[in-house]
Amino acid sequence: MVDFLDNVCIDSMSVRINRRVLDKCSTNLQVLEKTIDKAKEQDTKKLKEEYYRLVEGLKDATVARETDIVLANPILPDEILQEAIPGSIRNAEHFVFFLKKLVEYLKMRLRVQHVVQESPAGFLKDIYGKICIDRKPLRFCAERLSCLIKTLEIPDISDLSPLVLMSHFATLISTYTKGFTVIIEPFDEKSPTVSNPILHLACLDSSIAIKPVFDRFQTVVITSGTLSPLDMYPKILDFHPTLMSSFTMTLARQCLLPMIVSKGNDQVAISSKYETREDIAVIRNYGSLLIEMASIVPDGMVCFFTSYLYMDNVVASWYDQGIIDQLLKYKLLFIETQDSAETSLALFSYIKACENGRGAVLLSVARGKVSEGVDFDHHLGRAVLMFGIPYVYTQSKILRARLEYLRDQFQIKENDFLTFDAMRHAAQCVGRVIRGKTDYGIMVFADKVS
């Protein structure tokens, strides 16, 4: 999505590896070994031809990049494509042995008791010191594995996706020294009490992924309904626009009603700030607002919370306060969860309730599945409520690293970026309601104005 182009670029260049992925890599390597042995018995010529092709270098990859509209991922600088694949990994069996060493090293790195953060250069120094793997063969891991899979004519490469992921990790960490960081955490943020070590290769610079697009095409147009403020995108994507324009909506009639609700009926300020989010009065006022809206708004209503955890806490409190029982007098209630199947069923039931005239309320989460991919046009969304401003979780180690990088490289202040990110997510959420010129709806921002 263009609104989150920087996030898409960063995600495309970031890699997340856990113990389960590495165990699957070991299984993939056993399959590759057997396939290579079988190929040697049946057609040794095929493997020899591949070897000689690799000696000549990555000419095919260079030609493909110049002629194919699909850009390579991971993105390799052109100077690397002019080199030949190192001799130590040209032979198929040698390459598999090389990957086995890499897998065992990564398993060893995941044995951590506390968070470890280091630069790509520090990671490369450690891997060379411990198992004598040099930077150069790592850089060619992705291309070498791709060549091997094509040579062996493996029909379903999705089975090898963990190994492909690891090869991308090896190529990226050895290619880019700037704009990346390595973070090893002993547990997942979603379950901090369960040991589940994760290795993140986090891309911090979205301009790395978008640069080949700008280099290749003479004209690139970036357009969306929620690209605001415009001046932030040239900074974080590191380009100089020749033209920037913002156009207002042309409405034939008054079909939008944006509202800011900063206080409840008891005049208590409502906010989703961390300091007040456990306040019973704030939660009660959010519930009262929802009931009042549900009693007068026809058909469907969509509500967005700042996080799944906050939504769960609020809904639990609403049950205790009797708010849910009052809400069900007017509309049915459906809730988005982190489970895709459950969310799909909730959406189906919500649409059905709106279609038959019963009306429904859907509780969702900003940055969730519903906020970025579902249109609530016409009767499916006559009102949208934002319970708080969806600021991103700022204690994330990856986010902290990115904020520091943006500050040092692009002079973007932390608060400026966080506010920009929250506002575009809020715009994305409320924009789910108005999907055409004939549509109409109410947009309610329930948070006190700072």
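Residues numbered from 1 in each chain as written. Predicted model: local features only at pLDDT ≥ 70, side-chain atom pairs only at ≥ 80, totals over all residues. Heavy atoms only, no water.

Focus on the sheet that holds strand E9 (residues 383-387)
If you trace the six strands from one edge of the open sheet to the other, you get E5-E10-E9-E6-E8-E7, paired in parallel fashion. Because the sheet does not close on itself, it has two edges, and the strands there are strand E5 (256-261) and strand E7 (332-335). Direction aside, neighbouring strands of the sheet carry axes that sit 15° apart on average. Where strand E6 (residues 300-305) meets strand E8 (residues 360-365), six bridges bridge the pair, whose relative direction is parallel. Bridged to Phe305 within E8 is Val365. The strands that helix H13 (residues 280-296) touches are E5, E6, E8, E9 and strand E10 (441-446); relative to E9, the one it contacts most, it runs at about 175°. Against the sheet, helix H14 (residues 308-321) contacts E6, E7, E8 and E9, and its axis sits at roughly 140° relative to E8. (Pairing = 2+ DSSP bridges. Helix = DSSP H or I, 4+ residues; strand = E, 2+ residues; numbered from the N terminus. Axes fitted to C-alpha atoms, helices over the stretch in contact; angles between N-to-C directions. Contact = heavy atoms within 4.5 Å.)

Focus on helix H10 (residues 161-175)
A rise of 1.5 Å per residue sets the reference length of H10, with its 15 residues, at 21 Å; its end C-alpha atoms lie 21 Å apart and thus fit the reference within 8%. With 12 of its 15 residues buried, H10 lies for the most part within the structure. Within the sequence span of H10, burial applies to Pro162, Leu163, Met166, Ser167, His168, Phe169, Ala170, Thr171, Leu172, Ile173, Ser174 and Thr175. (Expected span 1.5 Å × (residues − 1). Buried < 20%, exposed > 50% of the residue type's maximum accessible area, 1.4 Å probe, protein only.)

Overview of the sheet that holds strand E2 (residues 116-118)
Judged by pairing direction, the sheet is antiparallel, and its four strands sit side by side in the order E1-E4-E3-E2 without closing on themselves. Unpaired on one side and paired on the other, strand E1 (15-18) and E2 mark the two borders of the sheet. Taking the axes of each pair of neighbouring strands and ignoring which way they run, one obtains an average angle of 15° across the sheet. Across the face of the sheet, H10 comes into contact with E1, strand E3 (180-187) and strand E4 (195-203) while running at roughly 125° to E1.

So, the nonpolar core
Ranked by internal contacts, the top residues of the largest apolar core, which has 72 residues, are Leu32, Leu106, Phe123, Met166, Phe169 and Ile236. Per element, the largest residue contribution to this core is nine residues, and it comes from helix H6 (residues 92-109). The contact partners of Met166, leaving out residues within four places of it in the chain, are Ile17, Leu22, Cys25, Leu99, Leu102, Val103 and Leu106. Listed in part, the 33 residues of the second largest apolar core include Ile283, Tyr286, Val314 and Ile324. (Core = buried A, V, L, I, M, F, W, Y, C linked by side-chain atoms within 4.5 Å.)

A short note on helix H18 (residues 397-410)
The terminal C-alpha atoms of H18, which comprises 14 residues, lie 20 Å apart, in line with the 20 Å expected from a rise of 1.5 Å per residue. What H18 keeps buried is the set Leu399, Ala401, Arg402, Leu403, Tyr405, Leu406 and Phe410. Lining the buried residues of H18 we find helix H1 (5-12), E2, E3, helix H12 (232-237) and helix H19 (414-430). Gln411 lies just past H18 and shows a positive phi near 55°.

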